[in-house]
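Survey of secondary and tertiary structure
What follows is the residue order along each chain.
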Amino acid sequence: MALWMEKGSEPLTETEKADLEAIAAIKESAAIELKEKGNQYVKMGKKHYTDAINCYTRAINQKALSDSENSIIFANRAHVNLLLGNLRRALTDAQEAIKLCPSNIKAIYRAAKASLSLNLLAEAKEHCQKGLQLDPNNEELKKLDLQISLKISENEKHEAEVSKAVAEAKELVSAIESRGLKIGKAMYRELTGLRKPVLDKNNILHWPVLFLYAEVMSSDFIEDFCETDMFSLSNVFAEDQPLPWDVENNYKREFIELYYEAGSGLHLPKEKLLHCLLEGTAASDEVGVGDEEKNAAEDLKQNMGSPKWIKVNERKTLHDVLEDPNFIIPGIPVFYVVSKQSSFYGKFKAGKWAPPNI
């Protein structure tokens, strides 16, 4: 029985002592009754969980029970808070219960469970280990301890994946910068997805490359175009595989020319380039980028005049073409295929055709 009195207010007579003991007994009885009532509310279901918490709180506030008894009530309130999803309150109650009675297994279990739900994995593991030291055969604690270990393992694996993705993206940024290449806002994602260049062990870049037939906006795609390779169009545009939409046979190999758009879009700064290269990886949320680049790109697009087309020299390597300071690579290289035999050719060369806003 706990009896709270101010310093210097100790009873001087037997009558006063008896009165205080009677008050303490009433408070103790009320606390026990409130505890039991709270337990009944829990059994009655979710609609009465708030009533249960209220009863437990009033029982604790009686300040009439022993530490071990109050530990049980705090643990009970932690249980209800867990059921309601009040995870932080549940953890606080469980921790208070453990302070009052370090051997309270239910309190330890609930502290571990709340910590796990809050992703406080080190604390959750510590609570479980303490509980299993006290009760090595506790099946609930064993099961929870396994869940925590699996979660820790998953987190460590994710962190390793994030570190690897960031390291690879930084290597790519360094390789791109060392070559003097300029990367801009990605275009035609509906055709290319989140494909990105790959840096091999010999420090050579391999690019996914998109070829767009400007006249009809049909496309071809090369998954791996090594930067040291030349534009061998005979391999890309095979004579024995005519294009199904080219009924006039304008797009034969000898009539085809490749172009890229010069000075189009904005050159992404290093941080935003890193963000783009991390898209779709385990580290996609690690680098935050605002809307400045997007808004600026849209403003530039609106203010641009006729596009400037640069013809690709087939004798050059992909790297030679990409290093043109006027070539802002739209995420990955995009080349426009036109035919000298097509009526569309004059319109394209005159700058009267532009890529659709993406």
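All values derive from a computational prediction rather than experimental measurement. (Residues numbered from 1 in each chain as written. Predicted model: local features only at pLDDT ≥ 70, side-chain atom pairs only at ≥ 80, totals over all residues. Heavy atoms only, no water.)

Looking now at the overall build of the chain. Of regular secondary structure, the chain possesses 13 helices and 8 strands. Across the 358 residues of the chain, 39% fall into the buried class. Contacts in the chain between residues far apart in sequence, at least 24 positions, make up 66% of those at least 6 positions apart. Surface summary for the chain: the accessible area is close to 20,400 Å², and the carbon and sulfur share equals 49%. (Helix = DSSP H or I, 4+ residues; strand = E, 2+ residues; numbered from the N terminus. Buried < 20%, exposed > 50% of the residue type's maximum accessible area, 1.4 Å probe, protein only. Contact = heavy atoms within 4.5 Å. Areas by Shrake-Rupley, 256 points an atom, 1.4 Å probe, with all protein chains shown as cover.)

A separate point is helix α5 (residues 105–117). If you check α5, its first and last C-alpha atoms are 18 Å apart, about what 13 residues at 1.5 Å a residue would give, namely 18 Å. The buried count for α5 comes to 10 of 13 residues, which makes it a mostly enclosed element. All of the buried residues in α5 are Ile105, Ala107, Ile108, Tyr109, Arg110, Ala111, Ala112, Ala114, Ser115 and Leu116. Check the buried side of α5 and you find it contacts α3 (67–84), α4 (87–100), α6 (121–134) and α7 (139–178). For α5, the capping residue at the N-terminal end is Asn104, with a side-chain oxygen 3.2 Å from the backbone nitrogen of Lys106. (Expected span 1.5 Å × (residues − 1). Polar contact = N/O pair within 3.5 Å; in protein donor to acceptor, adjacent residues only side chain to side chain.)

Quick look at the environment of Cys276 now. Positionally, Cys276 belongs in helix α10 (residues 270–278). Judged by relative accessible area, Cys276 falls into the partly exposed class, the value being 23%. Sequence separation between Cys276 and Ile183 is 93 residues, and the spatial gap between their C-alpha atoms is 9.9 Å. Apart from residues lying up to four places away in sequence, Cys276 is in contact with Lys196 and Leu268.

So, on to the packing of α5 against α6. Packing of α5 against α6 brings their axes to within 8 Å, and their N-to-C directions diverge by 160°. The angle between α5 and α6 places the two elements in the roughly antiparallel class. In this structure, α5 crosses over α6, and the sense of that crossing is left-handed. Of α6, the residues touching α5 (which contributes Ile105, Ile108, Ala111, Ala112, Ser115 and Leu116) are Leu121, Glu123, Ala124, His127, Cys128, Gly131 and Leu134. The residue inventory of the contact of α5 with α6, partitioned by class, reads 9 nonpolar, 3 polar and 1 charged. (Axes fitted to C-alpha atoms, helices over the stretch in contact; angles between N-to-C directions. Parallel < 35°, antiparallel > 145°, perpendicular 65-115°, else oblique. Left-handed = near helix turned anticlockwise from the far one by under 90°. Nonpolar A, V, L, I, M, F, W, Y, C, P; charged D, E, K, R; others polar.)

Turning our eyes to something else, we now look at the environment of Leu194. Along the chain, Leu194 falls in the loop between α8 (189–192) and β2 (198–199). Overall, the relative accessible area of 41% leaves Leu194 in the partly exposed class. Expressed as a C-alpha distance, the spacing of Leu194 and Glu279, which sit 85 residues apart in the sequence, is 7.1 Å. Setting aside its immediate chain neighbours within four residues, Leu194 contacts Arg189, Glu279 and Gly280.

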